[in-house]
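Structure assessment
If you want the building blocks of each chain, they are given just below.
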Amino acid sequence: MMTRIKQSAEKLLLVTVVGLNVASWIWYGQQQEVIRRIRSQPVAIRFAGANSPIAPPARIAQKSPVWPEPSAQSAGRGWVYKLFTPPVIYYDGRDRTYTVTAPADWPEGKPSLGIQLLAVKPELYPLQLVGYVGPAHDYRATFIRPQHPEVCLVRPGHNFAELGLTFTHFEVKKVLVPTSETGPVYEAAAFAVLTEDGTGREVWLDSRGPHYTDTPLAVLQPLAGGSRHELRAGDSFSIAGDSYRIEAVQLTPPEVRVGRQIMGLPEAETHLLRPINSPLPPIRTQADKMPRGAAPAVPDIATR
């Protein structure tokens, strides 16, 4: 009994599925005509306010920010200064008066203490190597001293007692010229080693150029005229009864701090000077330490 009922239900389900499938195909065939009619009609889209022209959005102009002009100080339009550029204030101890100058109107290096700074330059080493003479097995180095006319021809081992220097080593070798544009070019150069008696420090001198110390010099001249003076930090001098002392000398940027002690006043005043002219051209310096090497054959006599 149950088997017959199950078979009847399966037949009924199969008939129902086949009938739905046939009905869907009939409906699909009937709708093809409607679909073709819709596709054949033109399609147009209309917006509200379509009669008005469509304008692109307005471009926003970008403006570069402009800083407002600084407000004038209480003393007038000329007294405007920014951060780190305050007005220049000098105190004249002799007259007991202050001199205040706007930075825009103050010329570089114009002092109010009777002297002017011409330049700041490195100090020449007290002994300079300028060449050599003699055969390769018996060289004699040629030395000169700045501001002295004498020329010294000496061999290693010589002691310059007045300078506290001992000539300990000498060599001649070929070195590459770095600025050649046509290819490798070599030149003969002499190198001398000096030992400072007090410290034992070795200093190499090169015959191709002057050697400088680490001490900068201030080149000063009185405003009233006179000779120039090259002074180190700590040096003192006098002008018209007033005492001056070089407190500090700076090579880069060139600046000199000078203290002035006016006769009859208990306290000294300090001024910062800058060169009145353009700075000196770059100085070619030599290294204190250079590697030693064998000396190749060179002419018997060579001078710079």
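This text follows the structure it describes.
Remember, it's a predicted structure, so these values are computed and weren't measured experimentally. In every chain, residue numbers begin from 1 and rise along the written sequence. The model is predicted, so local features are restricted to residues of pLDDT at least 70 and side-chain atom pairs to those at 80 or more, both for listing and for counting; the totals for chains, interfaces and linings are taken over all residues. Only hydrogens and water are set aside when side-chain values are computed; all heavy atoms of the structure are taken into account.

So, unusual backbone geometry
Formally: Runs of E in the DSSP output that reach at least two residues are strands. Runs of H or I that reach at least four are helices, and both are numbered from the N terminus.
The step from Thr252 to Pro253 runs through a cis peptide bond, and the omega angle for that step is -15°. Inspection of the secondary structure assignment puts Pro253 in the loop between strand 14 (242-250) and strand 15 (255-261).

Description of the sheet that holds strand 13 (residues 236-239)
Note the threshold: Criterion used throughout: strands pair if DSSP finds at least two bridges between them. All axes here are fitted lines through C-alpha atoms, helices being fitted over the stretch that makes contact, and every angle between N-to-C directions spans 0 to 180 degrees.
Strand order in the open sheet made by the four strands is 13-14-15-16, with antiparallel pairing throughout. Each edge of the open sheet is held by one strand with a lone partner, namely strand 13 and strand 16 (269-273). Neighbouring strand axes in the sheet, compared pairwise and without regard to direction, differ in orientation by 30° on average. Sheet analysis places strand 13 next to strand 14, joined by four bridges and oriented antiparallel. Counted as the bridge partner of Ser238 is Ser243 from strand 14.

Here's the deal with the packing of aromatic side chains
Rules: Side-chain rings of Phe, Tyr and Trp, where Trp is taken by its six-membered ring, are said to pair if the distance between their centres is within 6.5 Å; with planes under 30 degrees apart they count as stacked, over 60 as edge-to-face, and otherwise as tilted. Categorising residues by exposure relies on relative accessible area from a 1.4 Å probe, with only protein chains included: less than 20% of the type maximum marks a residue as buried, more than 50% marks it as exposed, and the intermediate range marks it as partly exposed. Comment: the charge-over-ring label is applied if NZ (Lys) or CZ (Arg) is within 6 Å of the ring centre and within 35 degrees of the ring normal.
Overall, the coordinates contain seven aromatic pairs when judged by the stated rule. Taking the centre distance of 5.1 Å and the plane angle of 75° together, the rings of Tyr132 and Tyr139 count as edge-to-face. The burial state of Tyr132 is the same as that of Tyr139; both residues are buried. Ring geometry for Phe143 against Phe167: centres 5.1 Å apart, planes inclined by 80°, an arrangement best described as edge-to-face. Here the residue Phe143 occupies a position in strand 5 (residues 140-144), and Phe167 occupies one in strand 8 (residues 165-176), the gap between them amounting to 24 residues. A relative accessible area of 0% places Phe143 in the buried class. Here the aromatic residues Tyr132, Tyr139, Phe143, Phe160, Phe167 and Phe170 are joined through ring pairs into a cluster of three or more. Over the face of the ring belonging to Phe191 we find Lys173, whose NZ or CZ atom lies 5.2 Å from the ring centre.

Focus: the pattern of salt bridges
Here is the rule we go by: Each salt bridge in this description consists of a side-chain nitrogen of Lys or Arg and a carboxyl oxygen of Asp or Glu lying within 4 Å of one another.
In total, this model carries 11 salt bridges according to the counting rule given. Here Lys121 ties to Glu230 by a salt bridge, and the two come within 2.6 Å at their closest N and O atoms. Of the two residues, Lys121 is situated in strand 3 (residues 115-124) and Glu230 in strand 12 (residues 229-231); the sequence distance between them amounts to 109 residues. We note a salt bridge from Arg274 to Glu255, for which the minimum N-O separation is 3.3 Å. One end of the pair, Arg274, is in the loop between strand 16 and strand 17 (302-303); the other, Glu255, is in strand 15, and 19 residues separate them in sequence. Judged by its relative accessible area of 25%, Arg274 falls in the partly exposed class. Because the salt bridges share partners, they merge into one network encompassing Glu187, Asp206 and Arg208.

The quantities given are spatial measurements derived from coordinates; they are silent on function.
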